[in-house]
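As a plain string of letters, each chain reads:
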Amino acid sequence: MEQEHNWESEDDQVSDVENDARVSFTGKGVDRYWSEVSERNISYREPLIKRRMNTTSQIAIVGVNVSPIESLDYEIIENELFKQDWRSRKKVQIFQYISLKWAFALLIGIGTGLVGFFNNIAVENLAGFKLLLTTDLMSQQKYYKAFLAYAGCNVVLATAAAVLCAYIAPAAAGSGIPEVKAYLNGIDANSILAPRTLFVKIFGSIFGVSAGFVVGKEGPMVHTGACIASLLGQGGSKKYHLTWNWLGYFKNDRDRRDLITCGAAAGVAAAFRAPVGGVLFALEEAASWWRSALLWRTFFTTAVVAIVLRAFVEYCWTGKCGLFGQGGLIMFDVSSATASYTVPDILAVLFLGVIGGVFGSIYNYLVDKVLRTYSFINEKGAFFKVVLVIAISLLTSCCSYGLPWLANCIPCPENLKVSCPTVDGSGNFKSFHCPPGHYNDLASLFLNTNDDCIRNLFSTSTEKEFHISSLFIFLIAIYFLGIITYGIAIPSGLFIPVILAGACYGRLVGRLFAPFSVLDMGLFSLLGAASFLGGTMRMTVSLCVILLELTNDILLLPLVMLVLLISKSVADSFNKGVYDQIVKLKGLPYLESHAEPYMRNLVARDVVSGPLITFSGIETVGAILHALRTTGHNGFPVIDEPPLTDVPELCGVVLRSHLLVLLKEKYFSHVKVLTGKEILQRFDASHFAKAGSGKGLTLEDINIKEEELEMYVDLHPITNTSPFTVVETMSLAKAAILFRQLGLRHMCVVPKAQGRPPIVGILTRHDFMPEHVLGLYPHLNPHK
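Source: prediction; values computed, not measured.

Participant: So what exactly am I meant to see when it comes to the side chain of Asp253 here?
Facilitator: Inspection of the secondary structure assignment puts Asp253 in helix H9 (residues 253-272). Exposure remark for Asp253: the relative accessible area of 2% places this residue in the buried category. Ignoring sequence-local partners within four residues, the contact set of Asp253 consists of Leu72, Asp73, Tyr74, Tyr183 and Lys690.

Participant: What am I meant to see in the sheet that holds strand S13 (residues 747-750) here?
Facilitator: What holds strands together in a sheet is hydrogen bonding between their backbones, with the strands either parallel or antiparallel. With mixed pairing, the three strands of this open sheet are ordered in space as S12-S13-S14. If you trace the sheet from one side to the other, it starts and ends with strand S12 (725-727) and strand S14 (761-763), each paired once. Direction aside, neighbouring strands of the sheet carry axes that sit 35° apart on average. Across three bridges, S13 lies against S14 in antiparallel orientation. Across the sheet, residue Val749 finds its bridge partner in S14, namely Gly761.

Participant: Can you help me understand the state of the cysteines in this one?
Facilitator: Linking two cysteines covalently through their sulfur atoms gives a disulfide. For the structure shown, the criterion picks out one disulfide. For Cys409, the disulfide goes to Cys434, at an S-S distance of 2.1 Å. Around the S-S axis, the bridge from Cys409 to Cys434 shows a dihedral of about -95° and counts as left-handed. Residue Cys409 is found in the loop between helix H13 (382-402) and strand S4 (410-411), and its partner Cys434 is found in the loop between S4 and strand S5 (438-439); the two are separated by 25 residues along the sequence. You can call Cys409 partly exposed: its relative accessible area is 28%. In this structure Cys434 comes out as buried when scored by relative accessible area, which is 11%.

Participant: What am I meant to see in the sheet that holds strand S7 (residues 615-616) here?
Facilitator: With mixed pairing, the three strands of this open sheet are ordered in space as S7-S9-S10. With partners counted over all chains shown, the strands left at the sheet margins are S7 and strand S10 (649-655), one partner each. For strand S9 (residues 635-640) and S10, the ladder comprises six bridges, and the chain directions are antiparallel. Each residue of the ladder has a partner; that of Phe636, found in S10, is Val654.

Participant: Looking at this structure, how should I read the pattern of salt bridges?
Facilitator: Counted according to the given criterion, the structure contains 18 salt bridges. As a salt-bridge pair, Asp451 and Lys217 come within 3.2 Å of each other at their nearest N and O atoms. Note that Asp451 is positioned in helix H15 (residues 450-458) and Lys217 in the loop between helix H7 (195-210) and helix H8 (218-232), a separation of 234 residues in sequence. Each member of the pair, Asp451 together with Lys217, is buried. Asp572 is the salt-bridge partner of Arg538, the closest N and O atoms lying 3.2 Å from each other. Here the residue Arg538 occupies a position in the loop between helix H18 (521-537) and helix H19 (541-551), and Asp572 occupies one in helix H20 (residues 557-572), the gap between them amounting to 34 residues. Members of the salt-bridge network, linked through shared partners, are Arg257, Asp258, Arg291 and Arg297.

Participant: Mind showing me how you'd approach the confidence of the model for the chain here?
Facilitator: The predicted coordinates of low-pLDDT regions are not to be read in fine detail. Per-residue confidence for the chain averages 83 on the pLDDT scale, and 86% of its residues sit at or above 70. Segment residues 1-67 is flagged for pLDDT under 50; beyond a separation of four residues in sequence, or across chains, it makes 101 contacts in the model.

Participant: What is the right way to read the side chain of His223 from this model?
Facilitator: Its location among the elements puts His223 in helix H8. Not counting residues up to four positions away in its chain, the partners in contact with His223 are Ala171, Ser175, Gly176, Val180, Ile192, Leu193, Thr197 and Lys201.

About the criteria used
Residues numbered from 1 in each chain as written. Predicted model: local features only at pLDDT ≥ 70, side-chain atom pairs only at ≥ 80, totals over all residues. Heavy atoms only, no water. Helix = DSSP H or I, 4+ residues; strand = E, 2+ residues; numbered from the N terminus. Buried < 20%, exposed > 50% of the residue type's maximum accessible area, 1.4 Å probe, protein only. Contact = heavy atoms within 4.5 Å. Pairing = 2+ DSSP bridges. Axes fitted to C-alpha atoms, helices over the stretch in contact; angles between N-to-C directions. Disulfide = S-S within 2.5 Å. Salt bridge = Lys/Arg side-chain N within 4 Å of Asp/Glu carboxyl O. pLDDT = per-residue confidence, 0-100.

Set out below in structure tokens:
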């Protein structure tokens, strides 16, 4: 008994170390987190492991997971309850399940389309009111009042967005694409798809874009679509009595993953009005697992988005949507320009591709540095987050209003089909402070919504509408404002800043090659935007289709393909894509589609470390409760021992969440006997279904009396009897590829030789992380 007491006290020490490690993970950065965890594990765990190995056969040296971020259960848990559920399903239930999948795809498309349209209306009206007020005061030569009105509106809108993000849903800040990408990779990051995140994402994005920040609503729309899909896939809510037996089919991570993939595609379709591009974006960038059935549903979802948007845009053509423009599904039409090209044009495209790759890699590097700097400010609390947003808002307002004063007034071109100077809130020819018959080209870029600014840069037959000096000023300002704006506490997308900067230097390259080229300046702007997108985001196929759907010019397809391939190839030689960098910076254990080179030098058993608690097929309540209290593990191997079997053998893996349900219901026995049949009669699969975004069962919800600790629980009915296993001598590279391709949460490592314990250890995604592997083997070269 004394020895048992020592174990518990040492376990408490280990638990305290793990808790400290969790604190360091969130507060001190990823690199320091891994170093502290590895150092503390060496000092605390080695003597404990040795002592346990000498006293019990149920403890083995395996990997320990101290990260607070867990994996999702994409694997089918084939226990007896699951098998009974599938055997009992009738054809009508299978039909209901399939019908609901398509019904949810329809609802995701409708919901995302409505939100996308609402965002456009809100931004156009809020920003339009602000710009009309500023223009009206400028026309009365009240320049200081105009600046105060412009900056004041921006600060108010920015503060509203920041307060929402900082105090209600911090997970809504930023683009959201890295988080959605991580979720679809199997990472269960907290609150990224919660209802409050959806609310803040919608309104925070509206306020942030309307405030004149150099951000877009496209990235947040992807996150919004994923949140809508997640909300529909929660399987209802028992708490609010919003549940239905049919919805129980979706209380698992596999079906939610498919719905969220549809939501991410719908978000792109709603943001860019590019349904095919949305499907390809989900396939190329967002999803880690794909199959043909999902392709059909995703395509159906984006088609619904396109129909919804088209219907409401046509309604707005009647002028009933306030300041909302006519736009249509083609946002930036350049089809009027002739897309014929010669050899000098190909050389210009090659040059654009190289520039896009270099600029894109520098952009990603600077974004990474800015995010690391902002993390120190954001750690100080919500108030400092809001202050930072206000400071960036004032800087942006000063640039947008002040820099146009550096430009000269330009006489209006003759034979124009539109008014010059522009009399309404948008257009190519802003008068600013210029006399009648003149316009300010920099004001036409800065004092417009981001969409109208891109439309001006993409406009065709406007070779000398913008001075070269004005384009240089705008390029430098937008390039650096986009960098310092991303990372503050507002929903912010990267697509629009990148398109703006790329379109700007595309026009500059067009002016450089004007004596030799036959391409229109608007087409050069499009190719510049494509090159910068390829250099920052490292996508090819999806970006190509999105840009073609945006601009309605299929004849430009070969040049867009070429510039994207070159820019991506050049940028890949310097660093990773911007979303991959952000995923790593957030400390999310993302599994790449390829194994690292050094993994070929290791085998699976080389990275398992720490104590693993195993259970007998029929275990005491006290042992289970002790294991749940003293470890943070979410999967436990179940070992059948004599007299149930001739020799110890691996029965399977049982999940922590399933153990909690069994303990909560208190189906115990006084003797060590099999009670599986009675458990199957009393429970069904719905009792063990995955909880929604709300809090699931925890240890605090379990009330076990002291006399119940010595009673027994039969774990066989809830044990996954077909876990994925690998032999201990399998190369770590091969194990990593299998783990990722199968979407696993736990991978059992079994011994090669007989006569040993039936399991060597369990691998989770954290055991494949470079920080963990290189921490164990620092002599390994990360690149070999």
